[in-house]
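Per-entry structural report
Listed below are the residues making up each chain.
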Amino acid sequence: MRPDDYPASWYAATRDSAPKRPPLGSQDDADVAVVGGGFAGLHTARLLALQGKRVILLERHRIGWGASGRNGGFVGPGYALRTGALIERLGADHARRLYEQSKRGVAVVREAIEALGRPDILMGSRKLSVSRTDQGLDFADRTRRLADQLGASFEPWTTAEVRDVLDTQSYHQGIHDPLSFHIHPLNFALALARDIEARSGRLHEATEATGLARNGDGWRLMTAAGEVSARHVVLAGNADLGVVHGGIAGAVLPVATYVAVTEKIGAALGEAIRWSGAISDTRRAGDYYRVVDGDRLLWGGRITTDTREPPRLREMMRGDIVSVYPQLRDIRIAYAWPGIMGYAPHKMPQVGEIAPGLWVCSAFGGHGVAQTAAGADAVVAGILGDGSRAQLFAPFGTSWAGGPFGRAATQLAYWGLQMRDWWDEKRQAQNAETLRT
Ligand SMILES: Cc1cc2nc3c(=O)[nH]c(=O)nc-3n(C[C@H](O)[C@H](O)[C@H](O)COP(=O)(O)OP(=O)(O)OC[C@H]3O[C@@H](n4cnc5c(N)ncnc54)[C@H](O)[C@@H]3O)c2cc1C
């Protein structure tokens, strides 16, 4: 694969055509320079262009080449750090305001899709998060209490309600979120890019930012063949920012995850999954999936700190699907691909001004399609003079993620969590067996 090609995926196979933007080849200036052509950079650039700011965006590969063009396409509020943990750490009031900001991100995505005149990018509405273990009699009360605390719209579903739409015995209760929806992420990224250009923003692909230096009141961003001077710089490079800013690059841990799309399945899929919204399970590193293209299943799951693509990825993903839906044992995988998520050790995004005029909008982990828009909204408000939204993220700094040691620790932690999930499910199955006998 050439660095300017999109990696093979169902999204790449169904993407809009997009011109190759020329690399930066000279000296240029702007109000704001953005590093990274994923959702974080694109939303930042577009929201600034909407305010009449002159923006230049640099992308190492192509627009939407990273996580933003490869993800599950789920758009919903919340963060990679679970809301319960957020409340524990910051208290209910701060957690509620952060949750509100994530809802703002959902709204930014929805409004952009409408404004771009591309209703086809929105592929389905609502989300169901299902539990692999029985959550007990107080589940509905607990869920409603949490929703109330956060100002959230999600609501509890019983096991019977879940199994009414998902024909599997693997699931128990669920949480239904009517605010969430799902999209074609690569086409959304490409549409955002076109809109930025229509508002006089300049995008350069195949252009890696390799250095950053103070320049009077502003900054100079260096590339191999040119440089950009700007009053503000926004670093939105996710897990692979490279040498442009060692501190931020070292604070984000790259974690791989995978997505597969089946060949067309036919009527059997509609019999197993009678639900057009998004679905995920609530395990620590669970499955997430949705029906696309009428009768294909798009299935995501697994995490590992080994960022190489596993040789038997298709078989692995097929096995995961069949373990939940044994009736789909005859399916074939048409596409399977890896993607890299960027995690800070605290699992919250890094959003804010780290030096005068130097902003970071990164590390959205596995929960970034709406959250990048929430982060961009906060950064743009800050650049325009209102730092209050970026301030919400201030308790989560940019501390070192531990390099290879961090990776090993994360992998160990993931295996530990997998073991706990496995043990919870096994123990519950044994208890159920004991009750039956
Ligand atoms: C397989 C997968 C499934 C996921 N599913 C979901 C989901 O369903 N819902 C959800 O909410 N989230 C999901 N996520 C997470 C979500 O996709 C990400 O959090 C989000 O897309 C991150 O956007 P970003 O702009 O920060 O990063 P990216 O999209 O990775 O963009 C960063 C860009 O910056 C560029 N760049 C980096 N450094 C430089 C540099 N020095 N110079 C120039 N360019 C540079 C990179 O080339 C890259 O294109 C998933 C992630 C993956 C990988």
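Above this text is the structure in question.
Residues numbered from 1 in each chain as written. Predicted model: local features only at pLDDT ≥ 70, side-chain atom pairs only at ≥ 80, totals over all residues.

Examining the overall build of the protein chain
Helix and strand counts for the protein chain come out as 13 helices and 17 strands. Buried positions account for 46% of the 437 residues belonging to the protein chain. Long-range pairs, those at least 24 residues apart, make up 75% of the contacts in the protein chain between residues at least 6 apart in sequence. (Helix = DSSP H or I, 4+ residues; strand = E, 2+ residues; numbered from the N terminus. Buried ≥ 20, exposed ≤ 12 C-beta atoms within 10 Å, placed from the backbone. Contact = placed C-beta atoms within 7 Å.)

Description of helix 5 (residues 139–150)
Taking 1.5 Å per residue, twelve residues should reach 16 Å; helix 5 reaches 17 Å between its end C-alpha atoms and fits that length. In the stretch just after helix 5, Gly 151 is the one whose phi turns positive, near 75°. (Expected span 1.5 Å × (residues − 1).)

Notes on helix 2 (residues 39–50)
Three or four residues apart is the spacing at which side chains of an α-helix point the same way, because the helix has 3.6 residues per turn. For helix 2, which comprises twelve residues, the first-to-last C-alpha distance of 16 Å matches the rise-based estimate of 16 Å (1.5 Å per residue) to within 8%. Counting buried positions over the twelve residues of helix 2 gives eleven, a clear majority of the element. The set of residues buried in helix 2 consists of Phe 39, Ala 40, Gly 41, Leu 42, His 43, Thr 44, Ala 45, Arg 46, Leu 47, Leu 48 and Ala 49. Remark: Gly 52 follows helix 2 within two positions and exhibits a positive phi of approximately 80°.

Points about the nonpolar core
Counting 118 residues, the largest nonpolar core has Val 55, Val 234 and Val 379 as the members making the most contacts within it. In terms of residue count, the dominant contributor to this core is helix 7 (residues 185–198) (eight residues). (Core = buried A, V, L, I, M, F, W, Y, C linked by C-beta atoms within 7 Å.)

Details of unusual backbone geometry
Although it is not a glycine, Arg 126 sits at a positive phi angle of roughly 80°. Mapping Arg 126 onto the fold places it in strand 4 (residues 122–130). A count of 17 C-beta atoms within 10 Å places Arg 126 in the partly exposed class. Positive phi, close to 65°, is recorded for Ala 363, a residue that is not glycine. Within the secondary structure layout, Ala 363 lies in the loop between strand 17 (358–362) and helix 11 (371–383).

Here we look at the pairing of strand 10 (residues 227–235)
Direction of pairing for strand 1 (residues 27–35) relative to strand 10: parallel, over a ladder of eight bridges. Looking at the pairing, Gln 27 lines up with Glu 227 of strand 10. The turn linking strand 9 (residues 218–222) back onto strand 10 is made up of four residues. Taken together, the three bridges between strand 10 and strand 17 define a ladder with parallel strand orientation. Considered in strand 17, the bridge of Leu 235 is made with Val 360. (Pairing = 2+ DSSP bridges.)

Structural notes on the environment of Arg 329
Among the structural elements, Arg 329 can be located in the loop between helix 10 (313–324) and strand 15 (333–343). Between the alpha carbons of Arg 329 and Arg 318 there is a distance of 8.4 Å; along the sequence they are eleven residues apart.

Quick look at the environment of Ala 189
Mapped onto the elements, Ala 189 comes out in helix 7. Classification of Ala 189 as buried rests on a count of 27 C-beta atoms within 10 Å. Measuring from C-alpha to C-alpha, the distance between Ala 189 and Phe 39 comes to 6.5 Å, with 150 residues separating the pair along the chain. With near-sequence residues (within four places) excluded, Ala 189 lies in contact with Phe 39, Leu 42, Ile 63, Gly 64, Ser 68 and Gly 69.

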